[in-house]
Amino acid sequence: MFTRYRTVLAYPGALRFSVTAMVARLPISISTLGVVLLVTGLGRSYALAGALSATFTICNGLSSVVQGRLLDRLGQFLVLPVVAALYGLGVVGLIVALESGWPEPVAFLSCALAGAAYPPIGSAVRARWSHVLKGRPTEVQTAYALESVIDEAIFVIGPTVATVLATQWHPWAGLGLALVTGVPGTLALAAQRSTQPVPHLGSHGSGPRPAMPWVPVLVLAAVALALGSMFAAAEVSTVAFSAEQHAKSYAGVLLACWALGSMLAGLVTGTFRWRRSPAFRVRVGTFLLALVMLPMPFVGSMAVMGVALFVAGFAIAPTLIASMAAVEQGVPAARLTEGIAVIHTGLAAGLAPGAALAGLVIDAHGASASYLVALGGGVVAALASLALPTSWSGRLTADDAGGTSELHVP
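Residues numbered from 1 in each chain as written. Predicted model: local features only at pLDDT ≥ 70, side-chain atom pairs only at ≥ 80, totals over all residues. Heavy atoms only, no water.

**Brief notes about the nonpolar core**
And step 1. Grouped together as the largest cluster of nonpolar side chains are 106 residues, with contacts concentrated most on Leu52, Tyr87, Trp129 and Trp258.
And step 2. At 14 residues, the largest contribution of residues to this core is made by helix H10 (residues 214-244).
And step 3. Beyond its immediate chain neighbours, meaning those up to four positions away, Trp129 contacts Val8, Leu9, Ala14, Phe17, Ser18, Val140, Ala143, Tyr144, Leu146 and Glu147. (Core = buried A, V, L, I, M, F, W, Y, C linked by side-chain atoms within 4.5 Å. Buried < 20%, exposed > 50% of the residue type's maximum accessible area, 1.4 Å probe, protein only. Helix = DSSP H or I, 4+ residues; strand = E, 2+ residues; numbered from the N terminus. Contact = heavy atoms within 4.5 Å.)

In structure tokens form, the structure reads like this:
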């Protein structure tokens, strides 16, 4: 079943850069949580923790596309070390500012620098896969499925380890973990020049920059924004649901069930040859994501909620994999990292409004009703996906058209 994964990892340098990127992007699951753990661990207010976390997230979202463009034009070897150093400087500045009791603006400036400079490792590693597996779209999808599974693993492992370190050792230890994995990991990835995509320097190198197909890319970004809102709302709702069931300490278990379902679905997705275009699969996936949210407001026990979230998770990874595959096949290679970064920015941009709206509903009507916010996010994503041309990024090679282990989507 997993022959495809062994095949893509057998390409020269592939296993090395994939493992390195896993370490390098561990901070994405830790950074904002680490800020909250540090601020509250030092006895400061949750309001300050939330404001600093929002600063990190907003600055990261605003800079991702710019960083993606620089990576495409100048190359990962030049860009990644610079942004990694700035990210490290921002994290250290934030820790020192809070630990030393410096004025809050210093902490906010440091947090803004850390967020803006955090390297888009997910975009960079997917661009590497597209470069290494050029002309093999089926294998690219398998590689993207692998990275999706790694993402899920990161969001299961990272927050758990960071919380233990910050609560059992020292409040800054969570951010410290982000620092000692993110910076060295990014530098190690940048050093692997043989697998990095060829830089496209525009008129100074390989001719004018190719045009970005902005209409379908922005449609996908809108889908991603709605999905980000859905994910954040469901997460907040699940924590509140656990508290109402007098089992708040088990909220992480419920969220792990959700991530586990997505992880397993991602593994399976990478083993198939798909005849339908990625754009079509985005439509199907978003519809299923909305559908699996329907039962959530009516669940009344922790055990049933665990099963419901586990099942719901199966729709997440295939949808995100299809979204990335649509970008990979529909965006010029010279702007691929930028295109993927746009989708990641959409996901990040949806987190804050989804969580905030769910919080308002929880305060007014309770946790069960707040799952309707997640359902609404899924519905909006499904409606937005209808604007995506089904034919876009639907290219099939001879290799894709034949062979065994095919999955036909009706």
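Don't stop here, the text continues.
**Examining the environment of Leu187**
And step 1. When you line up the elements, Leu187 lands in helix H9 (residues 173-190).
And step 2. Assessed through its relative accessible area of 39%, Leu187 is described here as partly exposed.
And step 3. Leu187 sits 106 residues away from Pro81 along the chain, and the two C-alpha atoms are 5.5 Å apart.
And step 4. With residues near it in sequence (within four places) discarded, Leu187 still touches Pro81 and Ala84.

**What to know about the pattern of salt bridges**
And step 1. This structure, assessed with the given rule, holds six salt bridges.
And step 2. Between Arg44 and Glu104 there is a salt bridge, with its nearest N and O atoms 3.5 Å apart. Taken as a pair, Arg44 in the loop between helix H3 (31-41) and helix H4 (46-74) and Glu104 in helix H6 (residues 104-117) lie far apart in primary sequence, 60 residues in all.
And step 3. By relative accessible area, which is 27% here, Arg44 ends up partly exposed.
And step 4. Residue Glu104 is classed as partly exposed on the basis of its relative accessible area of 38%.
And step 5. Residue Arg335 pairs with Glu338 through a salt bridge whose shortest N-O separation is 3.1 Å. Each member of the pair, Arg335 as well as Glu338, is classed as buried. (Salt bridge = Lys/Arg side-chain N within 4 Å of Asp/Glu carboxyl O.)

**Examining a nonpolar patch on the surface**
And step 1. A surface patch of nonpolar side chains, amounting to about 500 Å² of accessible area, comprises Val66, Leu70, Leu74, Phe77, Leu78 and Leu201.
And step 2. Of all the secondary-structure elements, those providing two or more residues to the nonpolar patch are H4 and helix H5 (76-100).
And step 3. With three residues, H4 is the largest single contributor of residues to the nonpolar patch.
And step 4. Relative to the assigned elements, Leu74 resides in helix H4.
And step 5. According to the relative accessible area criterion, Leu74 is partly exposed, its value standing at 40%. (Patch = residues over 30% accessible without salt bridge, like charges linked within 9 Å, V, L, I, M, F, W, Y side chains within 5 Å. Areas by Shrake-Rupley, 256 points an atom, 1.4 Å probe, with all protein chains shown as cover.)

**Description of the packing of aromatic side chains**
And step 1. Overall, the coordinates contain five aromatic pairs when judged by the stated rule.
And step 2. Look at Tyr87 and Tyr118: their rings are 5.2 Å apart centre to centre, the planes differ by 65°, and that puts the pair in the edge-to-face class. One end of the pair, Tyr87, is in helix H5; the other, Tyr118, is in the loop between H6 and helix H7 (121-132), with 31 residues separating them in the sequence.
And step 3. The class of Tyr118 is buried, set by a relative accessible area of 5%.
And step 4. Arranged with centres 6.0 Å apart and planes meeting at 75°, the rings of Phe231 and Trp258 form a pair that is edge-to-face. With Phe231 in helix H10 and Trp258 in helix H11 (residues 251-269), the pair connects residues that are 27 residues apart, well separated along the chain. In terms of burial, Phe231 and Trp258 fall into one category: buried. (Phe/Tyr/Trp six-rings, centres within 6.5 Å; stacked < 30°, edge-to-face > 60°.)

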